[in-house]
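A closer look at the structure
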Number of protein chains: 2
Amino acid sequence: MTAPGPLSLNTATVKEQWSLQQCIEGCARHGITGISPWRDKLAEYGVRNAAKHIRDVGLAVTGLCRGGMFPAPDAAGRQAAIDDNRRAIDDAAALGAQCLVLVVGGMPQGSKDLAGARSQVQDGIAAVLEYARAAKMPLAIEPLHPMYAADRACVNTLAQALDICDALGSGPGDAHLGVAVDVYHVWWDPQLKAQIERAAKRILAFHICDWLVPTTDLLLDRGMMGDGVIDIPAIRAMVEAAGYRGFCEVEIMSAGNWWKRDADEVLRVCQERHRTVV
Amino acid sequence: MTAPGPLSLNTATVKEQWSLQQCIEGCARHGITGISPWRDKLAEYGVRNAAKHIRDVGLAVTGLCRGGMFPAPDAAGRQAAIDDNRRAIDDAAALGAQCLVLVVGGMPQGSKDLAGARSQVQDGIAAVLEYARAAKMPLAIEPLHPMYAADRACVNTLAQALDICDALGSGPGDAHLGVAVDVYHVWWDPQLKAQIERAAKRILAFHICDWLVPTTDLLLDRGMMGDGVIDIPAIRAMVEAAGYRGFCEVEIMSAGNWWKRDADEVLRVCQERHRTVV
């Protein structure tokens, strides 16, 4: 097997330790050539400052996290989400990001209408798609693990995400609307290989971490690559067979372990595992 | 909408409070007409004692939990699982259970071979199927939520479970090998309606509880019907449209809440919610 694509640091991996400025400096210091900021960190630093700093040290921006969160209990809430996604597209464009990652949102508070939330997601993406195309900013729908269906993302499989792409006119050769493949969210899916093939050029990002056994928290107990049960090289081979040639973006939210460690150590371990188990 | 099928008590719901003997007495006292024991409780009481007691008070046994756990690191381990499943079939037959529920097992310790584990599951079921047919004991594959793929069950969707049924010769009109539909495990599935239709007569059990937001533990934080986000009546309508006419089996594993309450109170709340939100 060939070497994996270059490593990118999703800033969530060291969010408790470092500001965005420190993440950029850390990537430069460690020879990590890609970064994927979250918008809260970006807002702290300022988009202009961040864009200039990232350009100065020569990092690729493999994504901006995140747009999405479309469902809302009323039309005003849905419009606010659309407006916020337009701002996220502007920010992503200012950074020269390769895509804006969409965590699409779950059911509005008090709702049990999962199908309705899914419709709202598709409508929301449709409503921002032209804006994104005009900004030349690809949108990457990230299917989240089914355990987040209620409160974070009601798009839970690659098949579902690709159905939305199809419905909104983005085919296998067209990358203006595509998907982010995060091994944590999709590794269990019996249709994984077939759906990655189907995605083809629509794979806009590839995220890595690992699934720990046991997992002690639904959100903040992700594992370092190699510490869990996911066959990451097998999934990397699938996305590469589908034509993906981009970065491997590490995104580990780990309140009990990696967020408590020295961030330079975390980056060193990410690099070592990227070389040895991805 | 018509009234739901009668209520059955899965003994896991009050496992911290009551023995199987107390569960049987509790069902009789509360007018609950079905029960589904777990094998640890059954072993404590003894199969003969339990069977006689259940017969004496006239309860239906809507399932025995559980067979399965097929994958193992070596042939001896896999054979031990097959032998254990045969004993479970004997126990289920002695109780006059409507089915033996199969929680199929995850990946063996240290393995990252999910596809291999899935093959082992199908082979394991194949190996016990004739024994089950001879005992006239239907086997119900229970797809578990994808968050259990690593360590409890690598069959994670109804589609997968039905593919196994198809492969082993159990078609839509044939109930010797079928599925258990638990709303907790399947509510998020975009294919839910289509796969329930496909299941048809192969739906051998219908389990109810609810998905809480937030969910604080992957295993032991299930909610009481009505306290979460699952549209239970919608799923009940699907299984009934597919021809299911059996019990609604309540199975709530809740270390922080329902296991701490008085078991008679738990049964009363189950009955009230069964009447009002199922």
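What you see is a predicted model; the values in this text were computed from it and never measured. (Residues numbered from 1 in each chain as written. Chains lettered and ligands numbered in written order. Predicted model: local features only at pLDDT ≥ 70, side-chain atom pairs only at ≥ 80, totals over all residues. Heavy atoms only, no water.)

Residue and element names in this part refer to chain B. A large share of strand S4 (residues 64-68) lies buried, amounting to 4 of its 5 residues. As paired strands, S4 and strand S5 (residues 100-103) are joined by 4 bridges and run parallel to one another. Paired with glycine 68 across the bridge in S5 is valine 103. Between the parallel pair S4 and S5, the chain is carried across by helix H4 (residues 75-95), and the sense of this crossover is right-handed. (Buried < 20%, exposed > 50% of the residue type's maximum accessible area, 1.4 Å probe, protein only. Helix = DSSP H or I, 4+ residues; strand = E, 2+ residues; numbered from the N terminus. Pairing = 2+ DSSP bridges. Right-handed = clockwise from strand over helix to strand, strands pointing away.)

The full count for this structure, using the stated rule, is 7 aromatic pairs over all chains. Ring centres 5.6 Å apart and planes at 85° place the aromatic pair Trp188(A) and Trp188(B) in the edge-to-face group. Pair noted here: Trp188(A) is in the loop between helix H7 (183-186) and helix H8 (192-199) and Trp188(B) is in the loop between helix H7 (183-186) and helix H8 (192-199), and the two residues belong to different chains. Pair check on accessibility: Trp188(A) and Trp188(B) agree, each one buried. The structure contains a cluster of three or more aromatic residues connected by ring pairs, namely Tyr184(A), Trp187(A) and Trp211(A). In this structure, Arg261(A) packs its charged tip against the face of Trp258(A), placed 4.0 Å from the ring centre. (Phe/Tyr/Trp six-rings, centres within 6.5 Å; stacked < 30°, edge-to-face > 60°. Lys NZ or Arg CZ within 6 Å of the ring centre and 35° of its normal.)

Looking now at the relation of the copies chain A and chain B. Its rotation angle being 180°, the transformation that places chain A on chain B also includes 0.0 Å of axial translation and leaves an RMSD of 0.0 Å. Both chain copies can therefore be described as sitting about a two-fold axis. Mapped onto chain B, 100% of the interface residues of chain A again fall at the interface, so both copies present the same surface. (Least-squares fit on C-alpha atoms with pLDDT ≥ 70 in both. Contact = heavy atoms within 4.5 Å.)

Here the focus is the interface of chain A and chain B. The interface of chain A with chain B comprises 30 residues on the first partner and 30 residues on the second. When the two sides are added together, the surface that chain A and chain B hide from each other amounts to roughly 2,200 Å², 68% of it contributed by carbon and sulfur. It is Lys112(A), Trp188(A) and Leu218(A) that lose the most area in chain A upon contact with chain B, and together they represent 26% of the buried surface on that side. Across the chain A-chain B interface, the total number found is 4 residue pairs in polar contact (both at pLDDT 80 or more). Looking at the side of chain A that touches chain B residue by residue, the classes come out as 14 nonpolar, 9 polar and 7 charged. (Buried area = accessible area lost by both parts, 1.4 Å probe. Polar contact = N/O pair within 3.5 Å; in protein donor to acceptor, adjacent residues only side chain to side chain. Nonpolar A, V, L, I, M, F, W, Y, C, P; charged D, E, K, R; others polar.)

Residues and elements named next belong to chain B. With parallel pairing, the 9 strands of this open sheet are ordered in space as S3-S2-S1-S9-S8-S7-S6-S5-S4. Edge positions in the sheet fall to strand S3 (60-61) and S4, since each has one partner strand and no second. In this structure, strand S1 (residues 7-10) lies alongside strand S2 (residues 34-36), joined through 3 bridges in parallel fashion. Its bridge partner being in S2, serine 8 is matched across the sheet by glycine 34.

Okay, the pairing of strand S7 (residues 177-182) of chain B next. Residue and element names in this part refer to chain B. The buried fraction of S7 is high, at 6 of 6 residues. The sheet contact formed by strand S6 (residues 139-141) and S7 spans 3 bridges and is parallel. Opposite isoleucine 141, over in S7, you have valine 179 as the bridge partner. Considered for its hand, the β-α-β crossover made up of S6, helix H6 (residues 158-167) and S7 is right-handed.

What follows covers helix H9 (residues 232-241) of chain B. Residues and elements named next belong to chain B. Of the positions making up H9, those classed as buried are Ile232, Ile235, Arg236, Val239 and Glu240. With its buried residues spanning 140° around the axis, H9 presents them on a single face. One or two steps after H9, the chain reaches glycine 243, where phi turns positive at roughly 110°. (Arc of directions from axis to C-beta.)

This part covers the packing of helix H5 (residues 114-134) of chain B against H6(B). In helix packing, the relevant descriptors are the interaxial angle and the interaxial distance, both defined with respect to the helix axes. Residue and element names in this part refer to chain B. Running from N to C, H5 and H6 cross one another at 45°; their axes reach a closest spacing of 11 Å. Taken together, H5 and H6 sit at an angle that is classed as oblique. Between H5 and H6 lies a crossing of right-handed hand. Along the contact surface, H5 presents Arg118, Val121, Gln122 and Ile125, while H6 presents Gln160, Ile164 and Ala167. Among the residues forming the contact of H5 with H6, the class breakdown is 4 nonpolar, 2 polar and 1 charged. (Axes fitted to C-alpha atoms, helices over the stretch in contact; angles between N-to-C directions. Parallel < 35°, antiparallel > 145°, perpendicular 65-115°, else oblique. Left-handed = near helix turned anticlockwise from the far one by under 90°.)

The subject of this paragraph is the pattern of salt bridges. Any two side chains of opposite charge can pair, given that their charged atoms come close. Counted according to the given criterion, the structure contains 26 salt bridges over all chains. The salt bridge involving Asp84(A) is made with Arg39(A); its shortest N-O contact spans 3.1 Å. Of the two residues, Asp84(A) sits in helix H4 (residues 75-95) while Arg39(A) sits in helix H2 (residues 39-45), which places them 45 residues apart along the sequence. With relative accessibility at 28%, the residue Asp84(A) sits in the partly exposed group. A relative accessible area of 18% means that Arg39(A) is categorised as buried. The closest approach of N and O atoms between Arg261(B) and Glu265(B), which form a salt bridge, is 2.9 Å. Residue class for Arg261(B) comes out partly exposed when judged on its relative accessible area of 29%. Among the charged side chains, a salt-bridge network with shared partners connects Asp163(A), Asp166(A), Arg198(A) and Arg202(A). (Salt bridge = Lys/Arg side-chain N within 4 Å of Asp/Glu carboxyl O.)

Residues and elements named next belong to chain A. Among the structural elements, serine 111 can be located in the loop between strand S5 (100-103) and helix H5 (114-134). When its relative accessible area of 19% is taken as the criterion, serine 111 is described as buried. A distance of 2.9 Å separates a polar atom in the side chain of serine 111 from the backbone nitrogen of aspartate 113.

All names here are of chain A. One open sheet accounts for 9 strands, arranged S3-S2-S1-S9-S8-S7-S6-S5-S4; its pairing is parallel. The open sheet has two edge strands with one neighbour each: strand S3 (60-61) and strand S4 (64-68). Lying over the sheet, helix H6 (residues 158-167) contacts strand S6 (139-141) and strand S7 (177-182), oriented at roughly 170° with respect to S7.

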